[in-house]
Amino acid sequence: MGDKKIIAVTGATGAQGGGVCRAILKDAGGGYAVRALTRNPGSDKAKELKKLGAEVVEVDIDDAESLKRAFRGAHGAFCVTFFWEHFSPEKELAEARNMADAAKHAGVRHVIWSTLEDTRKWVPIGDRRMPTLMGKYKVPHFDAKGEANRLFSERDLPTTFLLTSFYWENLIHFGMGPKRGEDGNLYITFPMGDKKLPGIASEDIGKSAYAIFRKGDDFIGKTVGIAGDHLTGDQMAAALSKALGQEVRYNAVSPEVYRGLGFPGAEDLGNMFQFKRDFESDFCGARSLGFSRTLNPSMQTFESWLAENGDRIPIEKGSLRASGE
Ligand SMILES: NC(=O)c1ccc[n+]([C@@H]2O[C@H](COP(=O)([O-])OP(=O)(O)OC[C@H]3O[C@@H](n4cnc5c(N)ncnc54)[C@H](OP(=O)(O)O)[C@@H]3O)[C@@H](O)[C@H]2O)c1
């Protein structure tokens, strides 16, 4: 690794962390090296990263000492937590605490914390517009990340708070793609009314994060939101129709109906979409498309993402399953 600045990447075999690793490794002359953290260095994804030039280090985020060892000597740390592995906001907070402690212990010079809004700032617990979940959350997987921001601030860590967006890969991997209805038509289903959903190719999160590490001081202490497009359900359906060569319609259900779909996480996601719908201007406003493209000029649009990935979208019959957001 020589005198390259090491970036320790959590979730390195996953969507966000994997994108960070690939963005850095592709830029061989950029002065940065990747330390890819994984529970299983023997996995195919870990081996692939090693082949591309990453140092692969075994770590369990739940084991604070292993994380401290893994962050040692790193210039930067990309920190992401894994809500959908356990569905527990408390566990997500504990993961973030371990990362912040390890970053402090290692004296890391730049942390990127992949976060989301604490929706309770917009919809307090007593607000009955959406149900309170797990006793004290509105959108558990958002709220825990937003609440965890302070774990980085309180430790005076040089942090960039990165607000991510809905991955379009949810249409491929998480059962959010078009489904054939009883009437034979294809539908995508979201409880967003006519409001816009900021979306992104997950690989672009990594490219943006790398740009933030490179710009360093400009972004320390800042909150940065990124998206590749802001699209209504109708606009997404029109783009899907074009890419798939068959008509896809938008099925705009209510958040109540979505929450009742019964898959694991349906209530959390129903509240999440309601939040994005009801606070569209704040949510989209925090994820400027112009800024996102300045940061990452190759940021994909939904159309360009579909051109490359449309044939990976399964068309299924049946009910919705959980998104990984
Ligand atoms: N889907 C969306 O639209 C969306 C949008 C915005 C934000 N998010 C957020 O993104 C987060 C997940 O990030 P992702 O999508 O990049 O994840 P991912 O693709 O599911 O990958 C997560 C990676 O984390 C690693 N991991 C899990 N538990 C670990 C542990 N205890 N110790 C060490 N490594 C562990 C796993 O690596 P190994 O198996 O190799 O250890 C796995 O490859 C979630 O919190 C979600 O809320 C999702």
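Going along each chain's sequence as written, the residues are numbered from 1 onward. Residue-level local features of this predicted model are given only where pLDDT is at least 70; pairs of side-chain atoms are given and counted only at 80 or more, and the full residue set underlies all totals for whole chains, interfaces and linings. Processing note: side-chain calculations cover all non-hydrogen atoms of the structure and skip hydrogens and water entirely.

Okay, unusual backbone geometry next. Of note in this structure, Phe-87 is not a glycine but carries a positive phi near 60°. Topologically, Phe-87 is positioned in the loop between α4 (83–86) and α5 (89–106). Note on classification: 1.4 Å probe, protein chains only; a residue is buried when its accessible area is under 20% of the maximum for its type, exposed when over 50%, partly exposed between these limits. Residue classification places Phe-87 among the partly exposed positions, given a relative accessible area of 32%. Of note in the backbone geometry, Asp-156 takes a positive phi value of approximately 55° without being a glycine. Look at Asp-156 and you get exposed, because its relative accessible area is 64%. A run of H or I in DSSP counts as a helix once it spans at least four residues, and a run of E counts as a strand once it spans at least two, with each numbered from the N terminus.

As a further point, take the nonpolar core. If you look at soluble globular proteins, the nonpolar side chains tend to sit buried side by side. In terms of nonpolar packing, the biggest core is built from 40 residues, with Phe-190, Leu-240, Phe-273, Phe-302 and Trp-305 touching the most fellow members. Every element with two or more residues in this core is listed here: α4, α7 (170–173), β9 (186–190), α9 (233–244), β13 (248–252), α11 (266–278) and α14 (302–309). Cys-21, Ile-24, Val-34 and Ile-205 belong to the second largest nonpolar core, which has 30 residues in total. In plain words, nonpolar cores are sets of buried Ala, Val, Leu, Ile, Met, Phe, Trp, Tyr and Cys residues tied together by side-chain atoms within 4.5 Å.

So, on to the environment of Phe-87. Separated by 177 residues in sequence, Phe-87 and Pro-264 place their C-alpha atoms 8.8 Å apart. When neighbours within four sequence positions are excluded, Phe-87 is seen to be in contact with Met-134, Pro-264 and Gly-265. Contacts are residue-level and defined by heavy atoms, with any inter-residue pair within 4.5 Å sufficient.

By the secondary structure assignment, Val-9 is in strand β1 (residues 5–9). As for Val-9 and Met-299, which are separated by 290 residues in sequence, their C-alpha atoms are 21 Å apart. In contact with Val-9, other than residues within four places in its own chain, are Gly-17, Val-20, Cys-21, Val-34, Arg-35, Ala-36, Leu-37 and Phe-78.

On to the site of the ligand. The cutoff for a nearby residue is simple: one of its non-hydrogen atoms must lie within 4 Å of the molecule or strand. Thr-13, Thr-38, Thr-81, Lys-145 and Tyr-167 are the nearest of the 27 residues found near the ligand. One of the side-chain nitrogen or oxygen atoms of Asp-60 is found 3.0 Å away from a nitrogen atom of the ligand. A distance of 3.5 Å separates an oxygen atom of the ligand from a polar side-chain atom of Glu-92. In this description, accessible areas are obtained by the Shrake-Rupley approach with a 1.4 Å probe, and a residue is regarded as covered only by the protein chains that are shown. In the complex, the protein chains occlude 87% of the 930 Å² of accessible area that the ligand would expose alone. Sort the elements by how many residues they give to the shell around the ligand and α4 lands first, with 3 residues. In the analysis that follows, any N or O atom pair within 3.5 Å is treated as a polar contact, provided that within protein one partner can donate a hydrogen and the other can accept it, and provided that, for residues neighboring in sequence, both atoms belong to side chains.

So, on to the pairing of strand β6 (residues 159–163). Burial analysis of β6 places 5 of its 5 residues in the buried class, which makes it a mostly covered element. Burial along β6 is two-sided: the face carrying Thr-159, Phe-161 and Leu-163 and the face carrying Thr-160 and Leu-162 are both buried. Pairing between strands is defined by DSSP: at least two bridges between the two strands are required. In this sheet, β6 lies alongside strand β5 (residues 110–115) in parallel orientation, the contact comprising 5 bridges. The residue bridging Thr-115 from the neighbouring strand is Leu-163, located in β6. Clockwise travel from the first strand over the helix to the second, with the strands pointing away from the viewer, marks a crossover as right-handed. In this fold, the crossover linking β5 to β6 by way of helix α6 (residues 140–153) has right-handed handedness.

This paragraph deals with the confidence of the model for the protein chain. pLDDT is defined as a per-residue confidence score from the predictor, taking values between 0 and 100. When pLDDT is averaged along the protein chain, the result is 96; 97% of the residues meet or exceed 70. Considering only residues more than four positions removed or in separate chains, one finds that residues 319–325, a stretch of pLDDT under 50, has 35 contacts.

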